[in-house]
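# An overview of the molecular structure
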Amino acid sequence: DTPLATQSGLAGTVGPVSRQSVRLALGLGCAGLLFLGFWGAIWAAIFAAVTVFAFRALCIRQIGGLNGDTLGAAQQFAEIAILVAASATFF
């Protein structure tokens, strides 16, 4: 589990996400990547995951955890990583 930077923010009031919700979201997200082909989808998912986990580590080191703003930034970083992988796939 990733710690929250502050307990008073919106991210702190949402509460934990169930494993079933995480699995469903990952499955739907990965299914959406299949337009890149099988290997393109694999590389895009790996690139997005590495990007988000690196940003998570930076957030923990710099501010002690995640908050709503950093969660939104992580989503944007993942999207950018997927778009870069897609452009590399179609190049």
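Residues numbered from 1 in each chain as written. Predicted model: local features only at pLDDT ≥ 70, side-chain atom pairs only at ≥ 80, totals over all residues. Heavy atoms only, no water.

## Concerning the confidence of the model for the protein
In regions of low pLDDT, the predicted coordinates are not meant to be interpreted in detail. What counts here: pLDDT is defined as a per-residue confidence score from the predictor, taking values between 0 and 100. Put simply, DSSP marks the helices as runs of H or I at least four residues long and the strands as runs of E at least two long, and each gets a number from the N terminus on.
For the protein, mean pLDDT is 91; residues scoring 70 or higher make up 100% of the total. Ranking the elements of the protein by mean pLDDT puts helix 1 (residues 10–14) last with 78 and helix 3 (residues 38–63) first with 95.

## Thoughts on the packing of helix 3 against helix 4 (residues 68–90)
So the rule is basically this: Each axis is a line fitted through C-alpha atoms, taken for helices only over the stretch in contact, and angles between the N-to-C directions span 0 to 180 degrees. Angles below 35 degrees are treated as roughly parallel, those above 145 as roughly antiparallel, those between 65 and 115 as roughly perpendicular, and all remaining angles as oblique. Two helices cross in a left-handed way if the nearer one is turned anticlockwise from the farther one by less than a right angle. They cross in a right-handed way if the turn is clockwise. The contact rule is simple, with two residues in contact once any of their heavy atoms fall within 4.5 Å.
Between helix 3 and helix 4, whose axes approach to 8 Å, the crossing angle comes to 150°. It follows that helix 3 is roughly antiparallel to helix 4 by the angle criterion. Between helix 3 and helix 4 the crossing geometry is right-handed. Here Gly40, Ala44, Phe47, Ala48, Thr51, Val52, Phe55, Cys59 and Ile63 of helix 3 come into contact with helix 4, specifically with Thr70, Ala73, Ala74, Phe77, Ala78, Ala81, Ile82, Val84, Ala85 and Thr89.

## Side note on the environment of Thr51
If you trace the backbone, Thr51 turns up in helix 3. Considered as a pair, Thr51 and Ala78 are 27 residues apart in the sequence and their alpha carbons are 6.6 Å apart. Beyond its immediate chain neighbours, meaning those up to four positions away, Thr51 contacts Phe77 and Ala81.

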